[in-house]
Amino acid sequence: MTTDSASTRSEGPDGRLAGSGLQVGYGETTIISELDLVVPDGSFTVIIGPNACGKSTLLRSLSRLLPPHKGSVLLDGKDVKEFGGKEFAREVGLLPQQSIAPEGITIIDLVSRGRFPYQTMFRQWTDDDQAAVDFALQVTRLTDLAQRPVQALSGGQRQRVWIAMALAQQTPILLLDEPTTYLDLAHQLEVLELCTTLNRRGTTLVAVLHDLNQAARYATHIIAMRSGEIIAQGKPSDVITSEMVERTFGVRSRVIDDPESHTPLVVPLGDGAVSFDDVPGDTATYRAAQA
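Residues numbered from 1 in each chain as written. Predicted model: local features only at pLDDT ≥ 70, side-chain atom pairs only at ≥ 80, totals over all residues. Heavy atoms only, no water.

## Some thoughts on the side chain of T57
- Within the secondary structure, T57 sits in helix α1 (residues 55–62).
- If we ignore the near neighbours within four places in the chain, the residues touching T57 are V24, Y26, I31, I32 and L66. (Helix = DSSP H or I, 4+ residues; strand = E, 2+ residues; numbered from the N terminus. Contact = heavy atoms within 4.5 Å.)

## A look at the packing of aromatic side chains
- This structure, assessed with the given rule, holds 1 aromatic pair.
- One Lys or Arg, K86, reaches over the ring of F116 and ends 4.4 Å from the middle of that ring.
- The positively charged end of R115 is found above the aromatic ring belonging to Y118, 4.0 Å away from the centroid. (Phe/Tyr/Trp six-rings, centres within 6.5 Å; stacked < 30°, edge-to-face > 60°. Lys NZ or Arg CZ within 6 Å of the ring centre and 35° of its normal.)

## Focus: helix α9 (residues 242–249)
- The complete set of buried residues in α9 reads M244, V245, T248 and F249. Angular distribution of buried residues about the axis of α9 spans 100°; they occupy a single face of the element.
- Just downstream of α9, G250 is the residue with a positive phi angle, here 70°. (Buried < 20%, exposed > 50% of the residue type's maximum accessible area, 1.4 Å probe, protein only. Arc of directions from axis to C-beta.)

## Description of the nonpolar core
- Core analysis: the largest hydrophobic core is formed by 53 residues, its most contacted members being I48, I107 and V111.
- Looking at this core, the element that brings in the most residues is helix α5 (residues 155–168), giving 8 residues.
- When near neighbours in sequence (up to four residues on either side) are disregarded, I107 contacts L137, L142, L145, A146, R148, V150, L153 and V161.
- Core analysis: the second largest hydrophobic core is formed by 26 residues, L62, V80, V92 and L175 among them. (Core = buried A, V, L, I, M, F, W, Y, C linked by side-chain atoms within 4.5 Å.)

## A few points about helix α4 (residues 127–139)
- Relative to the 18 Å expected for 13 residues at 1.5 Å per residue, α4 spans 18 Å between its end C-alpha atoms, a close match to the ideal helical length.
- When α4 is considered as a whole, its buried residues turn out to be D129, A132, V133, A136 and L137. All buried residues of α4 fall inside an arc of 130° around its axis, so they share one side. In this structure, α4 carries D127, D128 and Q138 as exposed residues pointing more than 90 degrees from its buried face.
- Looking at the buried residues of α4, the elements they touch are α3 (107–112) and α5.
- For α4, the N-terminal cap is T126; the gap from its side-chain oxygen to the backbone nitrogen of D128 is 3.3 Å.
- Trailing α4 by a residue or two, R141 shows a phi angle of about 60°, which is positive. (Expected span 1.5 Å × (residues − 1). Polar contact = N/O pair within 3.5 Å; in protein donor to acceptor, adjacent residues only side chain to side chain.)

## Remarks on the sheet that holds strand β8 (residues 204–208)
- Pairing within the open sheet is mixed, and its 6 strands lie in the order β6-β7-β8-β3-β9-β10. In the strand order of this sheet, the two ends are held by β6 (92–95) and β10 (229–234), each with one partner. In this sheet, neighbouring strand axes are inclined to one another by 15° on average, regardless of whether the strands run parallel or antiparallel.
- With 4 bridges connecting them, β6 and strand β7 (residues 173–177) associate as parallel partners. (Pairing = 2+ DSSP bridges. Axes fitted to C-alpha atoms, helices over the stretch in contact; angles between N-to-C directions.)

## A look at unusual backbone geometry
- Residue A52 is not a glycine yet carries a positive backbone phi of 65°.
- Residue placement: A52 occurs in the loop between β3 (44–48) and α1.
- Residue class for A52 comes out exposed when judged on its relative accessible area of 74%.
- Of note in the backbone geometry, Q170 takes a positive phi value of approximately 55° without being a glycine.

This is the structure:
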């Protein structure tokens, strides 16, 4: 369910990928209820919010991994349930939070699996497939490492391999669930700059991120969530405000202009910046344990 601010409404640019009246959860536990959204075409959309607010649940639902209990995920106005598996995979790609590579597989073999949606009994490997793999390896700077086993790579390199596989899939829409998790700062920025490059080439991206300042710097569209609801969405300059940060995360802050990117920069206040009574999820549990 969305709230009262004008920035929460799904009006604005049209989008191929949308959700209507979504109720999503696990078993009998509902995480998201009556949620509507439209992913603007051509955007780099970033979903932000505290732990356990439904960010990854929403992304999994958009990707068809987690069917909604109620409502519909729509692609071009058609319920995604009506698409065949390969048909949908040619339109929407997914980089999940955790991926496990088969033992012994090389980089090029794993990246080549991104071309599976295009393979049929009558259409095997083609020059187009090879060109897609070569491009994915090039833009992720993996060409010289292509024959190395994935298991021999660092965490940052492995993440680039999974991104390369998603790129080889050549989908116009790409979903990324916490693509910078477990990466050091340099590799986080590398991944986000790659996302920006892809977006400028025409790919619509939707990513879950935890770092507000990275979201503000790289996103073109932000969706802020709390407790399974969208509480604000729009351009970073409209969404990232001190009021939104306190309302969403329970953190009092000052939002200033980033001197490098001229995007919003969130600066938490000093002692007492975190209002534990207002923070959902784990922080509230922590406060109760300290009482």
